[in-house]
Amino acid sequence: MPFSLEQFRRDHDTVCLPVKIGRMALRFHKPRSIEQYIDKSDIMHGFPMWSRLWEACIVLMQHLVDLPVDSKRSILELGSGLGVAGITAAAMGHDVTLTENDPNAIAFIKANIAENRCDHAKVRRLDWYQPDLEGRFDLIIGSDLVYREAAVDALGVLFDRYLRPRGRVLLAESVRATGAVFFDRMARRFDIQTHKHTLRSNGDSQTVVVFDMTPARK
């Protein structure tokens, strides 16, 4: 059944978040409240981390805007959340596949693709621990994916499976202990450059590190 933005709006109570990046002005639906997406019997199970725009995603978007546009460059976004970074890349003209595992997140991604008229962007369900997506990609992107140590090895498997031999990984991560674990394990297989960014707002600051990774030459 074709996706209906009107039906989505009836099913979900949302606010629309305006995002201006470069010359583009985009709009993204996000939940007005996360209450309906929380499992009350186990609040930490499936907590809707996808439901807000995180600082690391903003930094990732800034890096994507600097990429030369190439419609033949295939991009895979892991943990797309609301779809902000992937849709930004699609709006620029890139060939983007956005992925999530939570069906509510997938609904919001589809709504935001429709809202921004990026119908060429693709959405796929992807379980990191039972991946069944087909194909390989020139660039894998993501933001705030490494907040649990268990995710580090899962990401390594996904990189092996989905990155083309001369591909590139671009991850933006808030500074946390798992980031150091990620760097140590990935450095065995990738050449990694890191770029540190500090975002400031209302007297607070948030540091985000971008891992720019290419497969190490043997």
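Scroll up to find the structure this text is about.
Keep in mind that this is a model prediction, so the values were computed, not measured.

Quick notes on the rules
- Residues numbered from 1 in each chain as written.
- Predicted model: local features only at pLDDT ≥ 70, side-chain atom pairs only at ≥ 80, totals over all residues.
- Heavy atoms only, no water.
- Helix = DSSP H or I, 4+ residues; strand = E, 2+ residues; numbered from the N terminus.
- Rg over C-alpha atoms; globule rule 2.2 N^0.38 Å.
- Buried < 20%, exposed > 50% of the residue type's maximum accessible area, 1.4 Å probe, protein only.
- Contact = heavy atoms within 4.5 Å.
- Areas by Shrake-Rupley, 256 points an atom, 1.4 Å probe, with all protein chains shown as cover.
- Lys, Arg positive; Asp, Glu negative; His and termini not counted.
- Charge placed at Lys NZ, Arg CZ, Asp CG, Glu CD.
- Phe/Tyr/Trp six-rings, centres within 6.5 Å; stacked < 30°, edge-to-face > 60°.
- Pairing = 2+ DSSP bridges.
- Axes fitted to C-alpha atoms, helices over the stretch in contact; angles between N-to-C directions.
- Salt bridge = Lys/Arg side-chain N within 4 Å of Asp/Glu carboxyl O.

To continue, consider the overall build of the chain. From N to C terminus, the chain includes six helices and nine strands. Computed over C-alpha atoms, the radius of gyration of the chain comes to 17 Å, within 12% of the 17 Å expected from 2.2 N^0.38 for 218 residues, which places it in the range of a compact globule. Projected onto its principal axes, the C-alpha positions of the chain cover 55 × 40 × 40 Å. Among the 218 residues that make up the chain, the fraction classed as buried is 48%. Within the chain, residue pairs in contact and separated by at least 24 positions form 66% of the contacts whose partners lie at least 6 positions apart. For the chain, the computed accessible surface area is about 11,800 Å², with 48% contributed by carbon and sulfur atoms. In the chain, the 30 positive side-chain charges and the 28 negative ones have mean positions that sit 5 Å from each other.

On to the packing of aromatic side chains. To describe a pair of aromatic rings, one takes the distance between the centres and the angle between the planes. The full count for this structure, using the stated rule, is eight aromatic pairs. Ring geometry for phenylalanine 3 against phenylalanine 8: centres 6.2 Å apart, planes inclined by 45°, an arrangement best described as tilted. By relative accessible area, which is 36% here, phenylalanine 3 ends up partly exposed. Taking the centre distance of 6.5 Å and the plane angle of 40° together, the rings of phenylalanine 183 and phenylalanine 211 count as tilted. Here phenylalanine 183, found in helix H6 (residues 177-186), pairs with phenylalanine 211, found in strand S9 (residues 204-215); they are 28 residues apart in sequence, far enough to count as distant. Look at phenylalanine 183 and you get partly exposed, because its relative accessible area is 32%.

Moving on: helix H2 (residues 55-65). Each full turn of the α-helix corresponds to 3.6 residues, which orients residues three or four apart in the same direction. When H2 is considered as a whole, its buried residues turn out to be Ala56, Cys57, Val59, Leu60, Met61, His63 and Leu64. Contacts from the buried residues of H2 go to strand S1 (14-21), helix H3 (84-92), strand S6 (137-143), strand S7 (163-174), strand S8 (190-201) and S9.

The next point concerns the sheet that holds S8. An order of S5-S4-S3-S6-S7-S9-S8 is seen for the seven strands of this open sheet, with the pairing classed as mixed. Single-partner strands in this sheet number two, and they are strand S5 (122-125) and S8. Across the sheet, the mean angle separating the axes of adjacent strands is 20° when strand polarity is ignored. Pairing geometry for S6 and S7, over six bridges, is parallel. Note on S7: the bridge partner recorded for leucine 139 is arginine 168.

So, on to the pattern of salt bridges. For the coordinates displayed, the defined rule picks out twelve salt bridges. A salt bridge links glutamate 115 to arginine 9; the shortest N-O distance between them is 2.9 Å. You can see glutamate 115 sitting in helix H4 (residues 103-115) and its partner arginine 9 sitting in helix H1 (residues 5-11), a full 106 residues away along the chain. Here arginine 9 falls in the partly exposed class, since its relative accessible area comes to 40%. Of the charged contacts, one joins lysine 122 and aspartate 95 as a salt bridge, the two residues approaching to 2.6 Å between their closest N and O atoms. Residue lysine 122 is located in strand S5, and its partner aspartate 95 is located in strand S4 (residues 95-100); the two are separated by 27 residues in the primary sequence. Salt bridges linked by common partners bring Arg9, Arg27 and Glu115 together as one network.

Below, the discussion takes up the environment of glycine 167. Along the chain, glycine 167 falls in strand S7. Residue glycine 167 is classed as buried on the basis of its relative accessible area, which comes to 2%. With 31 residues separating them along the chain, glycine 167 and arginine 136 place their C-alpha atoms 9.3 Å apart. If we ignore the near neighbours within four places in the chain, the residues touching glycine 167 are Asp138, Met213, Thr214 and Pro215.

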